[in-house]
Each structure stands twice: as C-alpha cells, then as structure tokens.
Amino acid sequence: MKYDVMVVGGGIAGMESGLTLGDMGFNVLMVEKKPSVGGRMILLSKVFPTLDCASCVSAPKMSATGNHPRVDLQVNSEVKDIRPQPDGTFKAKLVRKATFVDPAACTGCAKCETVCTVATPDHYNYGLAANRAIHIAFPQAVPKKAVITKEGSSPCSYACPAGVQTHGYVSLVRAGKYAEAFHLHMEDAPLPGSLSRACYAPCEGACTRGDLEGNLSIRGIKRFMVDRYYSEHLEPEYGIPEALRSDRIAIVGSGPAGLSAAYFLAQKGYPVTIFEADAEPGGMLRHGLPSYRLPREIVDRDIKNVTALGVEIRTGTVIGSLEEIQKEGFAATFLAVGTMEGQGLDVPGRDLAGVVDAMDFLSGTHAGKRSTIAAGKRVVVVGGGNVAIDAARVALRQGATRVSMVYRRTRLEMPAHKTEIADALAEGIELQELRSPAGFVGQGGQVVAARWQDMRLGAPDASGRRRPEPVPHSIKEEPADLIILAIGLMPSRPSEERPRRCQTSPRGSTVSRPSRSVIR
C-alpha cells in the first residue's frame, strides 16, 4: 500500500504528528508495536508542568487518531527495514505480530476475558497485576480489540506423545471448570482415566516450573479431574452422531491405538467395528498393566467413551486374514494388533516349566489363572524396562520370598522410568546389574536354577549406550523357582497358546494390504 507519510510510534508525539499531517491532507500510516496507541503517557498520573491528568490529555488524541479518515493504524507491528527508492520515496518492511483474534469479528465487549483461565502479567500495570491470555490492552485502548498473548508452544504439550493441551486443562482445573477440562482432554485423547494412572508423564519433566518451585504434578491433576468427572458421569454425556457415513471401518485390536482410532473415526460419523481376539477389550491396558497401577473399572469407563459413539466391539473374534474383513463390506481396515508378545531368548533351558514371558505372566495374573504363581518362590525378572518393573512388583505382591531383577547394563542405562525403578527398589526388589542369562537349569522339567554371565560395558552401540560385553570365565549359578523374561515386546504372532489377532509375517510384522482409503 502507498502512503504519503509513515509515522513510527503511537505515543503522544506520534499521534499529534499523524493528526496534523492528516489535517493537512496527507495519507498517514501510523505503526505502533503495542496493541494500542497511547505510548507511555497513558501510564502516567499527571503530566509536567501543568499537572494535568495524563488520561484526560491522551484519551482525546487516541480517539481522534483512531477515527481520522486519513490516518491508518497498524498496531502490534514493527518496522524491520526502510530503503530509499530512486524516485525519492521510501519502501518500508513491516512485521505484524499475530493476535490470534479476528479484528473484524471482535466487538471489544471483553467477554472473552471473563472465560479465559490463563493469567499473564499486565505490562500496562508493570506486572503488578494480571490479565487474561486473551485481553484488551486497557479499557480506553485504541483500537479496542482483543489480542492473545502467546509465546510459542507450552513445553508440556510439546512433550506429550498424544499432543494433549496440558496447559489448557490444568488452567481449567485451577479455575474449577472440571467438566470443561475433561472435554478439552477428550479432544486429543479419549482414554484419560488410563493416562492419569499409567502414563509416565513426560510433560512433568518438561514443565518449566521445575526451574522455580518445582515441576507441576500434571498427572495428579489429571487424575483428580478424571475421577471427579467419572464420579459424576457414570455414562458419557453424548451418543451416536446424527450424520452417519456409508463407509464402514474395521479395526483389528482393542488396545489404546484401536480404541483411540475408533473414537475419532466414530466422531466423524464412520460406523466402526473393532475385532478383538480376547474375551475382554482393552489390550495392553487390561492385560498388560497391573491392577495396582490401572484399576479395571477405570479401563471399562474409558472404553465407554468409545462405545457411546456407536462403536461395536466383537470380543473373542479371531481374524485370520484381511480378506475376511473385506468380505463383510468394510471399506477400510486399521490394524492395531499391539505388541503383546515377548521376544524370544535363545539360551539352554528356555522351554523349562517356570520360565515364562512377562506378558503371559501379567495377563495370566489378570485372568486369575495364576494369581499365586509367584507365592513362596524365588523370582528372577530378566530385563530393565517398564514391563520388567511391573512383573517384579506383581510377583512381590503375590508373596514371592525374593524378587530380583537382572539387567545386562547398569541402572543408569535402564530404559524403565526412573520413578518406577526407585519405587521397585524401595519395595525391596533387588537389582543385579551387569548380568546376562547364560542358561537355565531344570530338574524333572522344572527350572531350579539360572546361570548368569557377568558383563562389562564397552564402546557405545547404535542406541548411544555402552555395549555390554561378556566377562570371560565368569558364569555363576544361582537357585531360582520362577524366571520371568521381559527383554522386549513384538507384535503378536499366531500360535496354539495365543489367539491369532491377524495374519503376520514370520518376523512378527503385520501383513497389511488395506482396501481403498476412505478416511478423510
């Protein structure tokens, strides 16, 4: 755009200059970096030397500037570059800061301030008072338009794998708007009850309050929010969408991924059917996480968030191939078979009774089939991840006489969450570092001892951690009644003992040839 004059700064001098030039017939562009003109004069009580009221002097000038037909205001903007042109004019480069509010739609009513729960320092009061994240600069502001103060993304939300707007629901809880906080969480993740108990809360580690008084207990706030909402709403407040699409979607697996996909698809009006091989839905939430961490009634209530939208869950249904699904007329298939199977361990004695996979141990405990499998036994858990921690703590709760964890690196390299490790050690679980299984000894087909190879740390491997190397001539044998292997998880594969969730390749990766994509 072309102007006769550009005035940089909307203080009393800038406003007087702009008004004078406008009255002389010049088209004026006034650039002000603040959201309102007025400059520093509006911060004063009196002006020298007359001791007149500063607001009485500046307010008429602000109003006249905002309404002058030849003066255009560009607030919240800064001049980045001014270059002279051959014809004697100048070309200026301006940068307008985002206000995140449509100025044409804003009427200046300030109702947005009454509902906003995020407080920010009020710069017009030198930080001694607070305003809302969305606010009008001050009551006499010109132009009287709301702006949103936003300085990047909250580190807690950025750290969340699900992208949940952490700062949003925390501020709503602080304001006592518990239902609104719950609904905000549901926009990004439909299983808040499970997350409030099972999530390892990477948001808390990223919380900037840690540099001040300490990290905020975000997961605790979420749990309070969810428990309060669930106690008041035994059933979801919504139902099946009115506008349904014709394309039906199939989902294989009812774990967190399958349930979340079903929720968001059903919200868009897609008829969704989930196929689950187990007798109950939930996947890892129900069969992998111990009840002391995640009560089953919370899982059931989370699942209601999904089924309330009309999602059908067919339990006890084994899918042999994708062709079976396509024959039923589904337009698209989402595979969420999960990683419920442990990786194998190729050592002597692996097939002995008493050598079990961690997921089989945990799921069997939930099913009640082996609720006292570890009672009175010496239990050894091989691995250093979160699943290993869960298995060890469950064995201890079942009454094992001794529970130890064997890890081939040191505690510093363990992938388990640091808090979980500390809790396990506080409960009396032993940690044997720099050891790796060399084989298991049996008697009558039952494991009675384990052979351990001492390890030492060598050069870093692809993961950046120092690679464990065996120490020569260091194998030792120790008695053990139950060996639980927790050395990694992989997608489920068909077997006689485990139901087949879907056709898989020999290495365990899912063979997927989905039908045409209809998800928009």
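Cut-offs used in this document
- Residues numbered from 1 in each chain as written.
- Predicted model: local features only at pLDDT ≥ 70, side-chain atom pairs only at ≥ 80, totals over all residues.
- Heavy atoms only, no water.
- Axes fitted to C-alpha atoms, helices over the stretch in contact; angles between N-to-C directions.
- Helix = DSSP H or I, 4+ residues; strand = E, 2+ residues; numbered from the N terminus.
- Parallel < 35°, antiparallel > 145°, perpendicular 65-115°, else oblique.
- Contact = heavy atoms within 4.5 Å.
- Salt bridge = Lys/Arg side-chain N within 4 Å of Asp/Glu carboxyl O.
- Buried < 20%, exposed > 50% of the residue type's maximum accessible area, 1.4 Å probe, protein only.
- Pairing = 2+ DSSP bridges.

Caption draft 1: View of the packing of helix H9 (residues 218-232) against helix H12 (residues 296-307). Orientation of H9 relative to H12, taken along the N-to-C sense of each, is 75°, at an axis distance of 12 Å. Here H9 is positioned roughly perpendicular relative to H12, judged by the angle of their axes. For the pair H9 and H12, contact is made by Asp227, Tyr229 and Tyr230 and by Ile298, Arg301, Asp302 and Asn305, respectively.

Caption draft 2: Region of the structure containing the environment of Ile42. Along the polypeptide, Ile42 turns up in the loop between strand E2 (28-31) and strand E3 (46-47). With 16 residues separating them in the primary sequence, Ile42 and Ser58 have C-alpha atoms 6.6 Å apart.

Caption draft 3: The pattern of salt bridges, seen in detail. The tally for this structure, following the rule as stated, stands at 24 salt bridges. A salt bridge links Glu328 to Arg314, with the shortest nitrogen-to-oxygen separation between them at 3.2 Å. Taken as a pair, Glu328 in the loop between helix H13 (322-327) and strand E15 (332-335) and Arg314 in strand E14 (residues 312-314) lie far apart in primary sequence, 14 residues in all. With a relative accessible area of 26%, Arg314 lands in the partly exposed category. One salt bridge connects Glu478 with Arg435, and the closest N-O pair in it is separated by 3.0 Å. Here the residue Glu478 occupies a position in strand E23 (residues 466-479), and Arg435 occupies one in strand E21 (residues 435-443), the gap between them amounting to 43 residues. Taken together, the salt bridges that share partners define one network made up of Arg393, Arg397, Glu420 and Glu427.

Caption draft 4: Up close: the sheet that holds strand E5 (residues 71-74). Pairing is parallel across the open sheet formed by three strands, whose spatial order is E1-E2-E5. Every interior strand has two partners, whereas the edge strands, strand E1 (5-8) and E5, have only one. Each strand axis lies, on average, 20° off the axis of its neighbour in the sheet, ignoring direction. Pairing of E1 with E2 involves four bridges; the strand directions are parallel.

Caption draft 5: Structural view of the sheet that holds strand E17 (residues 355-357). Taken in spatial order, the five strands of this open sheet run E17-E24-E18-E19-E20, and their pairing is parallel. Of all strands in the sheet, those with a lone pairing partner are E17 and strand E20 (430-432), marking the two edges. Put simply, the sheet's adjacent strands are angled 25° from each other on average, direction ignored. Contacts from helix H15 (residues 386-397) reach strand E18 (378-382), strand E19 (402-406) and strand E24 (482-485) within the one sheet, and its direction differs from that of E19 by about 170°.

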